[in-house]
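Chain by chain, the residues run as shown.
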Amino acid sequence: MTVELQAPASEQTRARYPDSSGYVERDCVNLYYEVYGSGETTVFLLPTWSIIHSRHWKMQIPYLARHCRVVTFDGRGNGRSDRPPKGAYDEREFAADALAVMDATETERAVLVSLSLGAQRGLIMAAEHPERIGGAVFICPSVPLGEPVADRQLYAWNEELDTDEGWAKYNRYYWLRDYRGFLEFFFSQMFTEPHSTKPIEDCIGWGLETTAETLVATQLREWMDEDTARDLCRRVQCPVLVIQGSEDAITGPGRGIALAEETGGELVLLEGSGHGPHVRDPVKVNLLLREFIIARQQEIYDAFLEKRQ
Amino acid sequence: MTVQLQAPASEQTRARYPDSSGYVERAGVNLYYEVYGEGEPTVFLLPTWSIIHSRHWKMQIPYLARHCRVVTFDGRGNGRSDRPMGAEAYAIREFALDALAVLDATATERTIVVGVSCAALWGVLLAAEHPERVAGAAFISPAVGLAPPLPERAVYSFDEPLGTDEGWAKYNIHHWLRDYRDFLEFFMGKCFTEPHSTKQIEDSIAWALETTSETLADHDAGIALPTGVQFTDLCARVRCPVLVMHGDEDAIRPHAQGVALAEATRGEFVTLEGAGHLPQARDPVKVNLLLRDFVAPPPPTRWVRGKSRRKRALYISSPIGLGHAQRDAAIADELRKLHPDLEIDWLAQHPVTKVLEARGERIHPGSALLANESTHIESECAEHDLNCFQAIRRMDEILLANFMVFHDLVRDEQYDLWIGDEAWELDYYLHENPEQKQAAYVWLTDFVGWLPMSDGGEREAFLTTDYNAEMIEHIARFPRIRDRALYVGNADDIVPDAFGPDLPQIRDWTEEHYDLTGYVTGFDPSAFSDREALRAELGYAADEQVCIVTVGGSGVGAHLLHRVIDAFPEAKERVPALRMIVVAGPRIDPVTLPQAEGLEIRRYVHDLYRHLAACDLAVVQGGLTTSMELTANRRPFVYFPLDHHFEQNFHVRHRLERYGAGRRMDYATSTPETIAEAIAEEIGREVDYRPVETDGAARAAALIAELL
């Protein structure tokens, strides 16, 4: 039986609300950020593709904020942040936004945690601003490294297609025609685990907070190529953890495995998990994050002192 | 009751031996060091007060050495290191310089130091003055003057003659010189305030007896000599990460000293509630895990979502002798009938693995990391004489090392079920560390209760009672640990004894706390109902009188084999049709056995139980498995329980008598003549044994299957 999943009407009660929140303006784009908890170590939960916003970290924030300081923000194009027109969605814009949020929240140094496309801005930050990044966790990273997902059929994104079956829905014209239909398809692929109705509905709800037009704008940009990605990986000095679902149908496990190799980081393969394990297997992901952050605390602190001197 | 604990006679089998060892001479003092394992980082286990030597790290070394390189040495004044004279030789700085000399001798550039008690004095000195060599420091129960001593210890003078030797008045040079051992018993009792610490106390007393009260007095005075720097200043100079752990029941050094050291060095602090002064010996699992997390945190590994997991069981089969390989495999077969999708991995060691491999079972590769228990048991054996209670007790280091192997394995791999057939290490340490239980757990055994041998006297009775009491308390306090406790037998098989004075009757308690499965032979005797066909298949002629001599899978039966071989000529004379086959088994080399005209010696015989079903007589040791195979097959047999083996002399004997099975003989008083006579009388005899049930494995499996 197929029943249409619905997007929740309004934001549900949170387990924890931010201790402070605000906007920072960069290049005339307003970015909404939130800060939770306190402590020496800051975990910075980066935005991913603007199809969803910072609420996708809802399973991590209350837990991590009991152990360290947590900062997150809505990426341009969704949530409470502005939706600039096309041309404003290059990776470097997101990286610069993230640094602006760090400045605005007086975060000298942080451990980055990213999902999917967020990996690209995370890589730029870790490679180019080593003094500010104490560690980087990549969950199901979307990077131009390793093997792409095996059975994701390739269709042109920027051309009218004569089908809208399956991955043909990943198409500019289909988005504009049936945005919701795309969201339903895409998030069903994001959560390949059975019994994932709640995560799928949540994500559709967040997806509906932006528009097909904005999502199209996020795609009209320069894409990072393999050489650039490899070069950035080589420059990453901080500890790296990659958490990758073996059943990831969006980017496929090969991307995460390759990123761990290129950065010399640790890899945890989550067998049976899809592209959103932080939502679907939040206990395991939270514990892995905590272990990584705590285990690195001394290392991060030492490196920090060294850089300061 | 106070019973004098004894120091063990010689060093017990280690779970792991050093990969290299040697001496380094510094300022005329020879220091003995050991190196284990390889890789980064190096953990440097420091000497403490020389009342004990480096063996006090025995519970840490095998575990840590699997994850990093470990260096340790005997501090001057004990072990294999020299015992210089005079207080100056034992100044704090001397120990720090010794440690540096050992680091140089072992080509250790940088290390993480770990020290117990007053090792914190030289550990802090090293960390503060040699930051380039010390990458981290962990201190257990530090004896540091940053907080006042225990008030009861501040009463008596050490140097002055006292009018009393009660309590801490024993910490007095005159008492030491008068009665060193009495002091040691008192002091070690204070070191281990935890109940049921007899083994740790005895070990420590033995190490202390390797040095003298004069040396200790020099050491005490040496520690008191000024170092030229304030200890608080040294603490403030420590830059490396520091971990301090301290028991809140420490009766030697107050918990507050640990708290103060952690504060002074800005280190992390862990309170071990209920723990005494030497938790590395008494709570080794927890201390090992804390050290590992500090020194080399385990890397993350793959994880399988709950719903994606295959149904898996880990079967830990007791490795002493051939143990229970046959019955465990039979239970596994029955379990797979009930859960065809169940995958079973085996954590086992030689010789059990031999049987399992022959059956195509999957031996978990982690099995290769286990310290061999059979080798230890064999080393404890005299001529047909094995005090198996003491032998198991002297296996504490091996049991812990093997528990840590199990721990690492189940940390990385998810199992639905653990089955431990007399897996002592698993059962004991799960009850000691109940938070480590992560799967359904089934415990199986065919005997309950440690029983003292009569010539072990008051001491052995005291010890077995203490072990039984600890077990009873474990079960009462944590009934959730064992999801099933299976007794392989029937109620009447349980011995009619008590666990000890003021403890319950073994039978009452066992019936209350166990499910009884009946006996599990591991085969169906009805398969051999056509004995003639079986004999023909195995090559035994109808007119032969076949006598099989076997000691099962253990290596401790060689003397019995020799003596039965000596009886062969006379037996052959009495029974002309006699065909004697001696099975050496997997752990005795057949070439070490004497040959005799007409005698057959075989190495290992797979499915030996089929030969036993076909024979006319068997001569065996007093082990349960073989004797019950013979009972189930209704064959006459002569058995020789190992001397001082309480299981064979009480538990097995009681069961065999109930079945009316076997003719028991005493090895010590049996001659080749009396053995030949017994062979002649018993061979081919019709028996009227009580029948052995054949559904034991299925009953056990049905009880286990409910957990999946």
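Residues numbered from 1 in each chain as written. Chains lettered and ligands numbered in written order. Predicted model: local features only at pLDDT ≥ 70, side-chain atom pairs only at ≥ 80, totals over all residues. Heavy atoms only, no water.

Colleague: Go over the confidence of the model for chain B, please, and point to the residues and values.
Modeller: For chain B, per-residue confidence averages 94 on the pLDDT scale, and residues scoring 70 or more make up 98% of the total. Scoring of the predicted complex yields 0.90 for pTM and 0.83 for ipTM. (pLDDT = per-residue confidence, 0-100.)

Colleague: Any details on the packing of helix H5 (residues 179–190) of chain A against helix H6 (residues 197–207) of chain A? Residues and values, ideally.
Modeller: Residue and element names in this part refer to chain A. Relative to each other, H5 and H6 sit at 140 degrees, their axes nearing to 9 Å. Both H5 and H6 take part in a crossing whose hand is right-handed. Across the interface between the two elements, Tyr179, Arg180, Leu183, Glu184, Phe187 and Ser188 from H5 touch Ile200, Cys203, Ile204 and Gly207 from H6. Its residues placed into classes, the contact of H5 with H6 shows 6 nonpolar, 2 polar and 2 charged. (Axes fitted to C-alpha atoms, helices over the stretch in contact; angles between N-to-C directions. Helix = DSSP H or I, 4+ residues; strand = E, 2+ residues; numbered from the N terminus. Left-handed = near helix turned anticlockwise from the far one by under 90°. Contact = heavy atoms within 4.5 Å. Nonpolar A, V, L, I, M, F, W, Y, C, P; charged D, E, K, R; others polar.)

Colleague: Any details on empty space enclosed by the protein? Residues and values, ideally.
Modeller: Residue and element names in this part refer to chain B. The full count for this structure, using the stated rule, is 5 cavities of 30 Å³ or more. Approximately 560 Å³ is the volume found for the second largest cavity. Taken together, 31 residues make up the lining of the second largest cavity; nearest its centre are Trp424, Tyr428, Trp450, Tyr467 and Glu470. Elements with a minimum of two residues in the lining of the second largest cavity: helix H6 (198–208), helix H15 (388–393), helix H16 (396–412), helix H17 (424–432), strand E14 (440–445) and helix H18 (457–477). (1 Å grid on protein atoms, 1.4 Å probe; cavity = no way out; pocket = protein on both sides within 12 Å on 5 of 7 lines; lining within 4 Å. Points joined across faces, edges and corners; volume = space filled by probe spheres on them.)

Colleague: Tell me about the sheet that holds strand E1 (residues 20–26) of chain B, and name the residues and values.
Modeller: Residue and element names in this part refer to chain B. Reading across the sheet, the 8 strands line up as E1-E2-E4-E3-E5-E6-E7-E8 and stay open at both edges, with mixed pairing between neighbours. The open sheet terminates on both sides in strands that have one partner only, identified here as E1 and strand E8 (268–272). Taken over all neighbouring pairs, the strand axes of this sheet differ in orientation by 20 degrees on average, direction set aside. Bridge count between strand E6 (residues 134–140) and strand E7 (residues 242–247): 4 bridges; the pairing is parallel. Opposite Ala138, over in E7, you have Leu243 as the bridge partner. Running at roughly 130 degrees to E1, helix H2 (residues 92–105) makes contact with E1, strand E2 (29–36), strand E3 (42–45), strand E4 (69–73) and strand E5 (111–116) of the sheet. Helix H3 (residues 119–129) contacts E5 and E6 of the sheet and is inclined by roughly 160 degrees relative to E6. (Pairing = 2+ DSSP bridges.)

Colleague: Describe the interface of chain A and chain B, with residues and values.
Modeller: Residue-level contacts link 17 residues of chain A with 10 residues of chain B. Summing both partners gives a buried area of about 1200 Å² for chain A against chain B, and 58% of it is carried by carbon and sulfur. At the junction of chain A with chain B, the criterion picks out 2 salt bridges. Counting residues per element, the ones that place at least two in the side of chain A that touches chain B are strand E8 (266–271) and helix H11 (282–308) of chain A. With 6 residues, E8(A) is the single largest residue contributor to the side of chain A that touches chain B. In terms of residue class, the side of chain A that touches chain B is built from 7 nonpolar, 4 polar and 6 charged. Of the strand pairs in this sheet, E8(A) and strand E9 (residues 303–304) of chain B are connected by 2 bridges, and their pairing is parallel. What sits directly across from Leu270(A), in E9(B), is Trp303(B). (Buried area = accessible area lost by both parts, 1.4 Å probe. Salt bridge = Lys/Arg side-chain N within 4 Å of Asp/Glu carboxyl O.)

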